[in-house]
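Listed here are the chains, written in short residue letters.
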Amino acid sequence: MGNHQSSDARNDTAHTANTAKVTVDPAFVVGPVRRKTFGAFVEHLGRCVYTGIFEPEHPNADDDGFRTDVLELTRELGVSTVRYPGGNFVSGYRWEDGVGPADQRPTRLDLAWHSTDPNLVGVDEFAKWSAKAGVEPMMAVNLGTRGTQEALDILEYCNIKGGTALSEQRKANGAVEPHRITMWCLGNEMDGFWQIGHKKGTEYARLAAETARAMRMIDPKLELVACGSSGPGMPTFGEWERVVLSETYDVVDLISAHQYFEDHGDLQEHLSAGYRMDLFIKDIVSHIDHVKSVKKSTKQVNISFDEWNVWHASRAESKVPSGDDWPVAPALLEDRYTVADAVVVGDLLITLLRNTDRVHSASLAQLVNVIAPIMTEPGGRAWKQTTFHPFALTSRHAAGTVLNLAIESPSIDAEKTTGFSALSAVASYDAESGEAVVFAVNRSASEALTLDAAVGGLGAARVIEAVTYSNKDPYWQATADDSTSVLPAENVNVKLDGGRLTAELPAVSWTMIRLAVES
Ligand code: AHR
């Protein structure tokens, strides 16, 4: 860790190089804590659906074939919206294949993941699963091999009460009440060369605008998401947003952002992920607001960060089958996460919350088995990865408003990414329950950090709970046999003295401090 201050730091010689000074004040409101920040993603990919959420032969399966152990863990994770059915998968998907009597549904090739899909789960099953899990489904339509008409068809099938061919078909299929799905993604990663039906910006922009306009003729209140770039490294990033929003600005609410982070063996670089996500968000915001300004619009388009996570994409786990091998539900993208990965995930959530004024929705990609916090054994156990913990605790305890913290932190230079703050932190404040929560990550790979926070602005406070997730070996991974020997544990070094909160944050750690506040 360098002993200089991060660029936004104020000069202050009263603390040591390894202290980060923070001011928490309920007056510094960024925006609301949005439940939609805590979304996830279920794609027909690998074992996410089959032997993930759905496994009729499993001893814990319910009458609909859903694994109740996974349902329970999903609820414990505190997931709000769940995006479905893809991902790359959706760009070759015929939604009609997944409705009606299961034994009459066609088995299809899934070109995106070189697999075979038996279509035993479709939109009706997913809506049913969502209700059981207590989550809101967020659908994506296929704008790769299909177009406006098919998007209108699935919308009619899902949301019209009855009296039309497709709504009556849904009722005949057993879903008497409409699914009332309000969030819809207009395709997936259409800027990516790997995408089935990959398009130029101008081609996608027209199709997305036409589709959005037509979908709004069915229901003007839908929340529509245009495809943004698949990541900040895309050669068209920026220009893609400009072109897409120039056509769609008036008819969409959100533009998507996707970003994955990989540990290539340099832990300090890996720990800069939150900083890199923050830069990406700021960049997207500038592209959105450029179009807004050119259009002289008073409408505000915001971000749906609907794919984010750690994904070790260059490892063997992500190798898709090839040749004549078209397996059903192969083990794909089954990354095993370390404590360090969990710290990164905690930091990414802090970053999303810190940007709650512009990030209005987000989805951890994905939920089960595929780069996921929840893992299952076919026919066997379900267990929690390390990344489960910061997500579940943040989702459970962040409430009310997001507070912008004044932070003076030592700064870190990693190999490629330089000049980022060692401390990443955010706070939430819920005036109703009288609780303020500080979420903090020490991004240093090697040195502990003292958090020195002025919390007097909150009024009289007491610590309800302080937990830290870290481990002597940051590369420790949970397994089905041992998913509990390293858990978030009480941080005994947290002290609240008058208006001053101090805490020791070990290297590579995620911490949550809950304060009861007397108003
Ligand atoms: O989440 C895995 C894949 O990553 C998704 O299918 C795709 O949208 C992205 O490239």
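Residues numbered from 1 in each chain as written. Predicted model: local features only at pLDDT ≥ 70, side-chain atom pairs only at ≥ 80, totals over all residues. Heavy atoms only, no water.

**Let's talk about the side chain of Thr394**
Put simply, the rule reads: Numbering of helices and strands starts at the N terminus; helices are DSSP runs of H or I of at least 4 residues and strands are runs of E of at least 2. Accessibility here uses a 1.4 Å probe with only protein chains present; expressed as a share of the type maximum, an area under 20% marks a residue as buried, one over 50% as exposed, and anything in between as partly exposed. In this description, contact between two residues means that some pair of their heavy atoms is separated by no more than 4.5 Å.
On the secondary structure map, Thr394 appears in helix α10 (residues 388–397). Of the residues examined, Thr394 reaches a relative accessible area of 2% and is grouped as buried. Discounting chain neighbours no more than four positions away, the residues touching Thr394 are Phe38, Leu349, Leu353, Phe439 and Trp510.

**Describing the sheet that holds strand β4 (residues 81–84)**
Basically, it comes down to this: When DSSP finds two or more bridges between a pair of strands, those strands are recorded as paired. For helices, the fitted axis covers only the stretch in contact; all axes are lines through C-alpha atoms, and the angles between them, taken along N-to-C directions, range from 0 to 180 degrees.
Spatially, eight strands are ordered β3-β4-β7-β8-β9-β10-β11-β12 in a closed barrel, and the strand pairing comes out parallel. For this sheet the average axis-to-axis angle between neighbouring strands, irrespective of direction, equals 30°. As paired elements, strand β3 (residues 39–41) and β4 share two bridges and run parallel to each other. Bridge pairing in β4 links Phe41 to Arg83.

**A word on the domain arrangement of the protein**
Heads up, the rule is: Start and end points for every domain follow an automatic or database-based domain assignment. Accessible-area loss on putting two parts together, using a 1.4 Å probe and summing over both, is the definition of buried area adopted here. Salt bridges are defined as contacts in which a side-chain nitrogen from Lys or Arg sits within 4 Å of a carboxyl oxygen from Asp or Glu. Polar here means any residue outside two lists: the nonpolar Ala, Val, Leu, Ile, Met, Phe, Trp, Tyr, Cys and Pro, and the charged Asp, Glu, Lys and Arg; Gly therefore counts as polar.
Under the domain assignment used here, the protein contains domain 1 (3–29 + 402–517) and domain 2 (34–397). Measuring from the centre of the C-alpha atoms in domain 1 to the corresponding centre in domain 2 gives 31 Å. For the domain 1 face of the interface with domain 2, the top three residues by lost area are Arg443, Tyr469 and Trp510, together amounting to 18%. Between the two partners, domain 1 and domain 2, sit two salt bridges. Secondary-structure elements contributing two or more residues to the side of domain 1 that touches domain 2 are β18 (418–421), β19 (423–430), β20 (435–442), β22 (461–469) and β26 (509–517). In terms of residue count, β20 provides more of the side of domain 1 that touches domain 2 than any other element does, five residues in total. Looking at side-chain class alone, the side of domain 1 that touches domain 2 contains 24 nonpolar, twelve polar and seven charged residues.

**Focus on the site of the ligand**
Let me state the cut-off plainly: We call a residue near a given molecule or strand whenever any one of its heavy atoms falls within 4 Å of it. In protein, a polar contact requires one atom able to donate a hydrogen and another able to accept it; more generally it is a pair of N or O atoms within 3.5 Å, and residues adjacent in sequence count only if both atoms are side-chain atoms. In these tables, accessible area is a Shrake-Rupley quantity obtained with a 1.4 Å probe, and a residue counts as shielded only by the protein chains included in the view.
Lining the immediate environment of the ligand, one finds Phe41, Glu43, Gly87, Asn88, Trp113, Asn188, Glu189, Tyr260, Glu307, Trp311, Gln366 and Ile371. Between an oxygen atom of the ligand and a side-chain N or O atom of Gln366, the distance comes to 3.0 Å. Here the ligand loses 96% of its free accessible area of 280 Å² to cover by the protein chains.

**Considerations on the packing of helix α8 (residues 273–295) against helix α9 (residues 339–354)**
Going by this rule: Orientation labels follow simple angle bins: below 35 degrees gives roughly parallel, above 145 gives roughly antiparallel, 65 to 115 gives roughly perpendicular, and whatever is left gives oblique. Two helices cross in a left-handed way if the nearer one is turned anticlockwise from the farther one by less than a right angle. They cross in a right-handed way if the turn is clockwise.
Contact geometry of α8 with α9 gives a least axis separation of 8 Å together with a crossing angle of 30°. Looking at the two axes, α8 sits roughly parallel to α9. In the crossing of α8 with α9, the sense of the turn from one axis to the other is right-handed. Each of Ala273, Gly274, Met277, Asp278 and Ile281 in α8 lies in contact with α9, whose residues at this interface are Val344, Asp347, Leu348, Thr351, Leu352 and Arg354. For the contact of α8 with α9, a count of residues per class yields six nonpolar, two polar and three charged.

**Overview of the nonpolar core**
Test applied: Joining through side-chain atoms within 4.5 Å is the link that ties buried Ala, Val, Leu, Ile, Met, Phe, Trp, Tyr and Cys residues into a set, and such a set is a nonpolar core.
Among the nonpolar cores identified, the biggest contains 132 residues, and Trp129, Trp184, Tyr204, Met215, Phe305, Trp308 and Trp510 are the most heavily contacted of them. At eleven residues, α9 tops the list of elements feeding residues into this core. Summarising the domain contributions, this core has at least three residues from each of domain 1 (3–29 + 402–517) and domain 2 (34–397). Excluding residues that lie within four positions of it along the chain, Tyr204 makes contacts with Leu143, Leu186, Met190, Lys199, Ala226, Cys227, Trp240 and Val244. Counting residues in hydrophobic clusters, the runner-up holds 30 residues, among them Val22, Ile412, Leu423 and Leu449.

**A word on the pairing of strand β10 (residues 254–261)**
Successive residues of a regular strand alternate their side chains across the two faces of the sheet. When you tally the buried positions in β10, you get seven out of eight residues, the bulk of the element. Bridge count for strand β9 (residues 223–226) against β10 is two bridges, and the pairing is parallel. Counterpart to Val225 in the pairing with β10 is Leu254. When β10 meets strand β11 (residues 302–310), the two strands line up parallel, connected through seven bridges. Among the inter-strand pairings, Gln259 is bridged to a residue of β11, identified as Trp308.

**Considering the packing of helix α6 (residues 239–248) against α8**
Geometrically, a packed helix pair is captured by the angle between its two axes and the distance between the axes. Where α6 meets α8, the axes come as close as 9 Å, and the angle between the chain directions of the two elements is 40°. Classified by the angle their axes make, α6 and α8 are oblique. Here the hand of the crossing between α6 and α8 comes out right-handed. Taking contact as the criterion, the partners of Glu241, Arg242, Leu245 and Ser246 in α6 are, on α8, His287, Ile288, His290, Val291 and Lys295.

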